Amino acid sequence: MFPVTSEHRRGNNPLTGQASNECDPACAKQARGDKGGSVPDSPLRNGAHLILLLAALLAGIAIFLVVRQAVIPEGFGLYGHYRAGALKDNRMKPVSFAGREVCAGCHFDPDEALRAGKHGKISCETCHGPQSAHAADPASGVPAKPNAQGLCRRCHESDAAKPAHFPQVASVSHSGGAACNSCHEPHKPGFAKIAGERSGKK
Ligand code: HEC
Ligand code: HEC
Ligand code: HEC
Ligand code: HEC
């Protein structure tokens, strides 16, 4: 840009000496950067830039398609936005829970005790953990007994977020640190031990 010099201005205010912003035609021409009498602008003057831009865009799309082809796993999209092979992969995983019916087939007493009490709807493996290996071959190992203290509190520690009708206790004031199963029978958590029904055992 050419600086608009005072020579090109006219109509300076004689009182203030300030230049008005009006230009004469020569000044305006210079300010526009015209070199005088040049050829009118061609619409394709910047065509090379557009071609470069288009080439970059096409190259980007091509790279995207190649990478996409390489990273999308086989079978994707067969059943929608999902990898079809995942179903087979999941089926291959070993089953780790045997289910209560299987446990009850050998452990009759715990099942009967459970049914008679408020824990009747809880499955064995909710408390004992996944035991399909033990159920399939008991000789392979005897499951460890669950640590009642942590287990019971997981469901019964009082918490304002639990429904009010659910039996819950503040364990510190309720039992003062004594093991929950020293008073409650885990499979039948009423008050059998307290009532002395289990006196003489354990
Ligand atoms: C095929 C029969 C069989 C099946 C099915 C079975 N168990 Fe056992 N279980 C046994 C035998 C045998 C023992 C060892 C006997 C013992 O020491 O009392 C045992 C021991 C246990 C023990 C340890 C007992 C203790 O006194 O320390 C637990 C806990 C147990 N099983 C839980 C389960 C659970 C939960 C299931 C279901 C997932 C299950 N069992 C399925 C036969 C079976
Ligand atoms: C609410 C949790 C819970 C559920 C449900 C449960 N158990 Fe138990 N079970 C325990 C705890 C805790 C012990 C350990 C008791 C102890 O240390 O004296 C135990 C002990 C056992 C034992 C060892 C012997 C005994 O009676 O002390 C066997 C066997 C057993 N459970 C089998 C089962 C089977 C089979 C089922 C399902 C029919 C089942 N349990 C459901 C918590 C549970
Ligand atoms: C998986 C959650 C769960 C675990 C673990 C659990 N309980 Fe329960 N407990 C329940 C449910 C569900 C009920 C029945 C609530 C109802 O009837 O509204 C219940 C009921 C009870 C009751 C009330 C019994 C009655 O007759 O009113 C006692 C006491 C109890 N549990 C003690 C225990 C003890 C002790 C342990 C640990 C050995 C334990 N619970 C572990 C879920 C659990
Ligand atoms: C010293 C014996 C003793 C010990 C240890 C004990 N309890 Fe109790 N529990 C009781 C008695 C007695 C009751 C019934 C009276 C009451 O509600 O206080 C009871 C009631 C309960 C109830 C039913 C509350 C209701 O509102 O219906 C739950 C749940 C419970 N106990 C869970 C536990 C848990 C979890 C532990 C271990 C942290 C535990 N208890 C340890 C004696 C005991």
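Shown above is the structure to which this text applies.
Residues numbered from 1 in each chain as written. Chains lettered and ligands numbered in written order. Predicted model: local features only at pLDDT ≥ 70, side-chain atom pairs only at ≥ 80, totals over all residues.

Moving on to the overall build of the chain. Looking only at helices and strands, one finds 9 helices and 2 strands in the chain. Scanning the chain from its N terminus toward the C terminus, one meets helices and strands in the order α-α-β-β-α-α-α-α-α-α-α. Taking as baseline every contact in the chain between residues at least 6 positions apart, the subset at least 24 positions apart corresponds to 39%. (Helix = DSSP H or I, 4+ residues; strand = E, 2+ residues; numbered from the N terminus. Contact = placed C-beta atoms within 7 Å.)

Moving on, we come to the site of ligand 2. Around ligand 2, 20 residues are found, and the nearest of them are H107, P110, C124, C127 and P186. Counting only elements with at least two residues in the shell around ligand 2, the list comes to helix 4 (100-106), helix 5 (108-116), helix 6 (124-128) and helix 8 (148-156). Counting residues per element, the shell around ligand 2 draws most heavily on helix 6, at 4 residues. Grouping the constituent residues of the shell around ligand 2 by class yields 11 nonpolar, 6 polar and 3 charged. (Near = placed C-beta within 6 Å. Nonpolar A, V, L, I, M, F, W, Y, C, P; charged D, E, K, R; others polar.)

Our next topic: the environment of P189. One can find P189 in the segment after helix 9 (171-175). Considered as a pair, P189 and G117 are 72 residues apart in the sequence and their alpha carbons are 6.8 Å apart. Discounting residues that sit within four places of it in the chain, P189 has contacts with G117, K118, H119 and H184.

Moving on: the site of ligand 3. Within the structure, ligand 3 sits among 20 residues, and C152, C155, H184, P186 and P189 are positioned closest to it. Taken together, the elements giving at least two residues each to the shell around ligand 3 come down to helix 6 and helix 8. When residues in the shell around ligand 3 are grouped by element, the largest group, 6 residues, is from helix 8. When we break the shell around ligand 3 down by domain, the ones giving at least three residues each are domain 1 (76-142) and domain 2 (145-202). (Domains from an automatic or database assignment.)

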